[in-house]
Amino acid sequence: MADLSAFPITKRWPAKDPDVIQLYAYPTPNGIKVSIALEEMGLAYEPHLVTLSDSDVRSPEFLSLNPNNKIPAIIDPNGPEGPIGIFESGAILIYLAEKSGKLLGSNGAERAHIIQWLMFQMGGVGPMFGQMGFFHKLAGKDIADPRPKQRYVDEAKRLLAVIDGQLEGRDWIAGGYSIADIALAPWIDALEFYGTKPLVGYESLKNVPAYVDRFFARPAVQKARRIPNPDG
């Protein structure tokens, strides 16, 4: 049995099976990236619900694994040199793809293109869509100045146009189904939660809506999108 005592987070969220990957997350777009990847790759894991409250993500135990106080994070008891903790959803996706040998292409060129689109999501789609949601639905909606919201709406439209063009003639963003899709599709789906689909002209896009539907029709995605289950 693996010894995870070096990871203080396991004192607050104890591992029932310390021999499998421990997932600390909440079912946000970033959180379900990892549960989807684990399901798609067939890797054994144990999910732990970490709420977005300061009492969880700013607790000493969680900060010991991710000093940036954001979900998701993992511990792999069977890392390359022993147990390893990793945070940042994109880094976790790459790690899991390398570990499993799945969803990262079959050669160097495919791998490079997949990571390219993964970084596109991490550096562009996630931050811009999240800020748009903040100014449209969350606390930022009370700011009278319309310019911050419009800045992110315009950028979201631009990014969606890039995605729509890339999907012309293909089912998945980087060729075959990959971790780039696992990163990207949940964030596009977040437009529904934020109520911003009309703002960005979602229904007028040629390829994106079918892409998102295709992604969420996958059995592993359907299973993983509520893992960890916030309802207990």
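Structural data are supplied above this passage.
So, here's what we can say about the structure. (Residues numbered from 1 in each chain as written. Predicted model: local features only at pLDDT ≥ 70, side-chain atom pairs only at ≥ 80, totals over all residues. Heavy atoms only, no water.)

## Focus on the packing of helix α5 (residues 89-100) against helix α6 (residues 108-136)
Helix packing geometry: the angle between the two helix axes and the distance between the axes. Using the following cut-off: Only the stretch in contact is used when a helix axis is fitted, and all axes are lines through C-alpha atoms; the angle between N-to-C directions ranges over 0 to 180 degrees. Only DSSP runs of H or I covering at least 4 residues are called helices, and only runs of E covering at least 2 are called strands; the numbering of each starts at the N terminus. Note that the term roughly parallel is reserved for angles under 35 degrees, roughly antiparallel for angles over 145, roughly perpendicular for angles of 65 to 115, and oblique for everything else. By definition, turning the near helix anticlockwise from the far helix through less than a right angle yields a left-handed crossing, and turning it clockwise yields a right-handed one. Contacts are assigned to residue pairs that have any heavy atoms within 4.5 Å of one another.
For the pair α5 and α6, the least separation of the axes is 10 Å and the interaxial angle reads 155 degrees. Classified by the interaxial angle, the pair formed by α5 and α6 is roughly antiparallel. In this structure, the crossing between α5 and α6 has a hand that is right-handed. Two secondary-structure elements touch here, α5 through Ser 89, Gly 90, Leu 93, Ile 94 and Glu 98 and α6 through Arg 111, Ile 115, Leu 118, Met 119 and Met 122.

## With respect to the side chain of Ser 59
Here Ser 59 shows up in the loop between α3 (54-57) and α4 (60-65). Beyond its immediate stretch of four places on either side in the chain, Ser 59 contacts Arg 12, Trp 13 and Asp 54.

## What about the pattern of salt bridges?
As a reminder, the rule being used: By salt bridge we mean one thing: a side-chain nitrogen of Lys or Arg within 4 Å of a carboxyl oxygen of Asp or Glu. Burial classes: relative accessible area under 20% of the type maximum marks a residue as buried, over 50% as exposed, and values in between as partly exposed (1.4 Å probe, protein chains only).
In total, this model carries 14 salt bridges according to the counting rule given. Note that Arg 58 is salt-bridged to Asp 54, the shortest N-O span being 3.3 Å. Residue classification places Arg 58 among the partly exposed positions, given a relative accessible area of 48%. Across the pair Glu 168 and Lys 206 runs a salt bridge, and its minimum N-O distance is 3.1 Å. You can see Glu 168 sitting in the loop between α7 (147-166) and α8 (179-194) and its partner Lys 206 sitting in the loop between α9 (197-200) and α10 (208-216), a full 38 residues away along the chain. Taken together, the shared-partner salt bridges connect Arg 12, Asp 56 and Glu 61 into one network.

Scope: geometric values only; no functional claims are made or implied.
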